[in-house]
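Listed below are the residues making up each chain.
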Amino acid sequence: MSYTIQGKSIIGYSRSGGGGSTSSAVNPASGQKLDPEFHAPSESEVEQAVLLAERAFPVFSSMSGKKRAGFLRAIAAEIESAVDQIAERGPLETGLPEARMRGETARTTGQLRMFADLIEEGSWVDARIEHAQPDRAPLPKPDLRSMQRPLGPVAVFCASNFPLAFSVAGGDTAAALAAGCPVLVKAHSSHPGIAEIVGDCVVRAAQATDMPEGVFSLLYGSGRDVGMSLVKHPVVQAVGFTGSRSGGLALMDAAANRPQPIPVYAEMSSVNPVVLMPKAVDARGEALAEGLFGSLTLGAGQFCTNPGLVFLPDGHGEAFLAKLKELIEVAPSAVMLNSGICQAFKDATESFGETEGVETVAHAFTKQVEERAVPVVFSVNVRRFLEEARLHGEMFGPGTLIVRGSMDEIEATIPELEGQLTATVHGTEEEIAERPGLIGALERRAGRLIFNGFPTGVEVCPSMVHGGPFPSTSDGRSTSVGTMAIHRFCRPVAWQGFPAAALPEELRDGNPLGIQRMVDGEFAR
Ligand code: NAP
């Protein structure tokens, strides 16, 4: 279905009249502005969006899982019908290829349907029932029943590096809607057109499935202005964010300093360490170089799971390094998502390259360097790495740092790393069995451990954990990918001594929904 981008925020079921500042998308490949202009909403329009969300909450949160699942499935179908338009506009706004747009669209719709399945089945609410024991001595036991309930309206900040799967109808939005929370999306200035195409899909789906107005709004404007006003608004009860560490910290700070502090689920920075063990690197040096190269340069290195740090044991890895150098030197440069991200990558690689003790292992010999990322690999010994805090930071783009030392030194360095989304080990089964301390240290530092694989390519499935200790995320107890993400937007509520008719169906005797529950300490369906 074709749709003309209007450049206006979506406030419930209406279009904003504008009134705030204007901005344009810029084609990062050419530097040209793209039509149309996008208008930030006025303060009163932001207020209107928030109040509509608050009004929608009681209706939306008390709907059956089946009905909300119908809404999520309708969003997925609408987005599928807009895929050609997304595939046309997406590359212009992001520099990402059309195939990536189509692939990410499929991931986004798959994610929405995964949450639809989850809430249709219903057991995710973790229903627990303890029947009363009026005759218990010395005190009677009350009837107590609990389950997860939605928090309230949620603000979601779109990510620059995933214009679909972590944006308007991406993981946080899907998880929040599945939980029963209305969503207020702050669009990313890098891809406002895709945001509107998808936002319009969500609105059409909401209207077609009789959702209350305000279940979704999409707002343009700056983060410091429109974004902050959402985070600080007393109606908003949680925040989802993917982006820079400074942006995430600013939102965490604002949320913590509200009269009523609220949770912020911010995904910020991660260098995703990869440990190469001696036998693996001796046996598979070239294949490891090819795998690392593919993971490092995928999407111009603009993935939160980009392998930005590789530990290589002294005395090993000749073939690995030779192959990596060969691949990097002929690698093309790549258009990045926007000029700010491209400049940040250039600054980071310059800073790494100028650091005492850091050597350049390989640098792409490309002529196209203006406004593009040039793949690069550095190396440093483990002692210098430990001394230089800046070498622990993210180079967001196709760059990585190889740290060399003995296996004992490498193991001792892991606890000094910051929190990570992922940690990878390449070794034999015997090698990892010999180093339980290394695996234990990696577990304390990361949300997902990978054996003989690479960290990019985050499977969307119920057991995925895409989260990790600070600063990879603001709250390592949760994930932004997979069905567990629904728990970000819920809290447990208990009902004590309530009559059956006043209880949610999930908690009634007889289990009318047929869900998995814990009844008097035993799991039952
Ligand atoms: P960003 O600058 O943090 O922006 C993300 C969103 O947050 C935007 O909507 C932005 O609003 C808003 N924002 C930023 N700072 C804010 C503040 N102080 N107060 C309120 N809102 C704020 O991230 P980005 O544009 O995606 O990329 C910048 C850098 O972030 C990259 O170079 C990279 O280093 C890092 N990054 C990391 C990941 C990861 O997953 N690890 C992903 C993406 C980016 P505006 O529209 O006003 O800018």
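What counts, and where the lines are drawn
Residues numbered from 1 in each chain as written. Predicted model: local features only at pLDDT ≥ 70, side-chain atom pairs only at ≥ 80, totals over all residues. Heavy atoms only, no water. Helix = DSSP H or I, 4+ residues; strand = E, 2+ residues; numbered from the N terminus. Polar contact = N/O pair within 3.5 Å; in protein donor to acceptor, adjacent residues only side chain to side chain. Near = heavy atom within 4 Å. Nonpolar A, V, L, I, M, F, W, Y, C, P; charged D, E, K, R; others polar. Domains from an automatic or database assignment. UniProt positions renumbered as here; feature names shortened; annotations may be inferred. Buried < 20%, exposed > 50% of the residue type's maximum accessible area, 1.4 Å probe, protein only. Pairing = 2+ DSSP bridges. Axes fitted to C-alpha atoms, helices over the stretch in contact; angles between N-to-C directions. Phe/Tyr/Trp six-rings, centres within 6.5 Å; stacked < 30°, edge-to-face > 60°. Lys NZ or Arg CZ within 6 Å of the ring centre and 35° of its normal. Contact = heavy atoms within 4.5 Å. Buried area = accessible area lost by both parts, 1.4 Å probe. Salt bridge = Lys/Arg side-chain N within 4 Å of Asp/Glu carboxyl O. 1 Å grid on protein atoms, 1.4 Å probe; cavity = no way out; pocket = protein on both sides within 12 Å on 5 of 7 lines; lining within 4 Å. Points joined across faces, edges and corners; volume = space filled by probe spheres on them. Disulfide = S-S within 2.5 Å. Core = buried A, V, L, I, M, F, W, Y, C linked by side-chain atoms within 4.5 Å. Parallel < 35°, antiparallel > 145°, perpendicular 65-115°, else oblique. Left-handed = near helix turned anticlockwise from the far one by under 90°.

A.B. asks: Which parts of the structure should I look at to understand the environment of Thr-173?
C.D. replies: Looking at where Thr-173 falls in the secondary structure, it is placed in helix α5 (residues 171–179). Residues Thr-173 and Gln-343, 170 residues apart in the sequence, show an inter-C-alpha distance of 30 Å. One polar contact links the side chain of Thr-173 to the main-chain carbonyl oxygen of Val-168, over a distance of 2.8 Å.

A.B. asks: Got a minute to help me understand the site of the ligand in this structure?
C.D. replies: Taken together, 25 residues lie near the ligand, and Ser-160, Gly-223, Ser-244, Met-268 and Cys-304 sit nearest. Ser-160 is positioned with one of its side-chain polar atoms (N or O) 2.5 Å from an oxygen atom of the ligand. Take Ser-244: an N or O atom from its side chain is 2.5 Å from an oxygen atom of the ligand. In terms of residue class, the shell around the ligand is built from ten nonpolar, eleven polar and four charged. Mapped onto the domain boundaries, the shell around the ligand takes at least three residues apiece from domain 1 (21–129 + 140–268 + 478–488) and domain 2 (273–451).

A.B. asks: In this structure, what is going on with the UniProt feature "domain: Aldehyde dehydrogenase" (unreviewed entry) in the protein chain? I would like to understand it.
C.D. replies: Taking the numbering used here, the UniProt-annotated feature "domain: Aldehyde dehydrogenase" (unreviewed entry) corresponds to residues 22–328. Each end of residues 22–328 is marked by a C-alpha atom, and these two atoms are 41 Å apart; helix forms 49% of the span and strand 18%.

A.B. asks: Which parts of the structure should I look at to understand the environment of Gly-340?
C.D. replies: Relative to the elements of secondary structure, Gly-340 occurs in helix α11 (residues 339–354). With a relative accessible area of 43%, Gly-340 lands in the partly exposed category. Residues Gly-340 and Gly-214 lie 126 residues apart in sequence; the distance between their C-alpha atoms is 33 Å.

A.B. asks: When you look at the sheet that holds strand β12 (residues 273–276) in this model, what are you seeing that I'm missing?
C.D. replies: The strands making up a sheet associate through hydrogen bonds between their backbones, and the pairing can be parallel or antiparallel. Here seven strands make up an open sheet; going across it, the order is β15-β17-β18-β13-β12-β19-β20 and the pairing mixed. Taken across any chain shown, the strands that pair with only one partner, and hence form the sheet edges, are β15 (359–363) and β20 (446–451). Adjacent strand axes in the sheet meet at a mean angle of 20 degrees, parallel and antiparallel pairs treated alike. Note: strand β13 (residues 309–313) against strand β18 (residues 399–405), five bridges, orientation parallel.

A.B. asks: I tried to follow the packing of aromatic side chains on my own but got confused; where do I start?
C.D. replies: Remark: the centre distance and the inter-plane angle together describe each pair of aromatic rings, the angle taken between the planes. According to the stated counting rule, one finds eight aromatic pairs in the structure shown. Ring centres of Phe-311 and Phe-385 lie 6.1 Å apart, and the angle between their planes is 90 degrees; this geometry places the pair in the edge-to-face category. Taken as a pair, Phe-311 in strand β13 and Phe-385 in helix α12 (residues 382–387) lie far apart in primary sequence, 74 residues in all. Overall, Phe-311 belongs to the buried group, its relative accessible area being 0%. In this structure Phe-385 comes out as buried when scored by relative accessible area, which is 0%. Members of the aromatic cluster, connected to one another through ring pairs, are Phe-162, Phe-166 and Phe-303. Sitting over the face of the ring of Phe-60, Arg-68 holds its NZ or CZ atom 5.7 Å from the ring centroid.

A.B. asks: Quick question: what am I supposed to make of the domain arrangement of the protein chain here?
C.D. replies: Where interface size is quoted, it is often the accessible area lost as the parts come together. One can read the domain layout of the protein chain as domain 1 (21–129 + 140–268 + 478–488) and domain 2 (273–451). For domain 1 versus domain 2, the separation of C-alpha centres amounts to 32 Å. The interface is formed by 15 residues belonging to domain 1 together with 13 residues belonging to domain 2. When the two sides are added together, the surface that domain 1 and domain 2 hide from each other amounts to roughly 1100 Å², 55% of it contributed by carbon and sulfur. Among the residues domain 1 hides against domain 2, the three largest losses belong to Pro-28, Asn-161 and Glu-267. Together they make up 36% of the total. Linking domain 1 with domain 2 are one salt bridge. Salt-bridge contacts for Glu-418 lead to Arg-245; the nearest nitrogen and oxygen are separated by 2.7 Å.

A.B. asks: Would you take a moment to explain the sheet that holds strand β5 (residues 128–130) for this structure?
C.D. replies: The sheet built from five strands is open, its strands ordered β21-β6-β5-β22-β23 with mixed pairing. The sheet is open, and its two borders are formed by β21 (490–496) and β23 (522–524), each paired with just one other strand. Across the sheet, the axes of successive neighbouring strands diverge by a mean angle of 25 degrees, strand direction being ignored. Looking at chain direction, β5 and strand β22 (residues 517–519) are connected through two bridges and run parallel. The residue bridging Arg-128 from the neighbouring strand is Met-518, located in β22.

A.B. asks: Just to check I follow, could you spell out the pairing of strand β4 (residues 33–41) for this structure?
C.D. replies: The side chains of a regular strand alternate, first on one face of the sheet and then on the other. Across five bridges, the pairing between strand β3 (residues 19–26) and β4 is antiparallel. The residue bridging Ser-23 from the neighbouring strand is Phe-38, located in β4. Hairpin connection between β3 and β4: a loop of six residues separates the two successive antiparallel strands, and Gly-31 in this loop has a positive phi of roughly 80 degrees.

A.B. asks: Hey, could you run me through empty space enclosed by the protein in this one?
C.D. replies: Rolled over the atoms, a probe sized like a water molecule indicates the empty space that remains. Summed over all chains, the structure comprises three cavities of 30 Å³ or more. Around the largest cavity, the lining residues are Val-156, Phe-157, Phe-166, Ser-167, Gly-170, Gly-171, Asp-172, Thr-173, Gly-240, Phe-241, Thr-242 and Ser-480. Where the lining of the largest cavity is concerned, the elements lending two or more residues are β7 (154–157), α5 and β10 (238–242). For the lining of the largest cavity, the class distribution of residues is four nonpolar, seven polar and one charged. Each pocket or cavity is described by its volume, and for the second largest cavity that value is around 50 Å³. Together, Ser-270, Val-271, Gly-301, Phe-303, Asn-306, Gly-308, Glu-394, Met-395, Phe-396 and Gly-397 line the second largest cavity.

A.B. asks: Could you clarify how one ought to interpret the state of the cysteines in this entry?
C.D. replies: Chemically, a disulfide is nothing more than a covalent bond linking the sulfur atoms of two cysteines. All told, the structure shown has zero disulfides when counted by the stated rule. Distance from the sulfur of Cys-158, which forms no disulfide, to the nearest cysteine sulfur (Cys-201) is 14 Å. Take Cys-158: its relative accessible area is 4%, and that puts it in the buried class. No disulfide involves Cys-181; its sulfur sits 6.2 Å from that of Cys-490, the nearest cysteine.

A.B. asks: What is the right way to look at the nonpolar core in this model?
C.D. replies: Across soluble globular proteins, nonpolar side chains show a tendency to be buried alongside one another. If you look at the biggest cluster of nonpolar residues, it comprises 104 residues, and the most contacted ones within it are Phe-71, Ile-75 and Phe-115. Here this core takes nine residues from helix α6 (residues 192–208), the largest share from any one element. Here this core spans two domains, and each of domain 1 (21–129 + 140–268 + 478–488) and domain 2 (273–451) adds at least three residues to it. Ranked by size, the runner-up nonpolar core spans 25 residues in total, among them Leu-52, Ala-53, Leu-230 and Val-231.

A.B. asks: I would appreciate a short explanation of the packing of helix α9 (residues 278–297) against helix α10 (residues 318–329) in the present structure.
C.D. replies: Two quantities define a packed helix pair, namely the angle between the axes and the distance from one axis to the other. The N-to-C vectors of α9 and α10 enclose an angle of 30 degrees; their axes lie 7 Å apart at closest approach. It follows that α9 is roughly parallel to α10 by the angle criterion. Crossing angle aside, the handedness with which α9 passes α10 is right-handed. When α9 is examined against α10, the residues Val-281, Gly-285, Glu-286, Leu-288, Ala-289, Glu-290, Leu-292, Phe-293 and Leu-296 are found in contact with a partner set consisting of Ala-319, Phe-320, Lys-323, Leu-324, Leu-327 and Ile-328.

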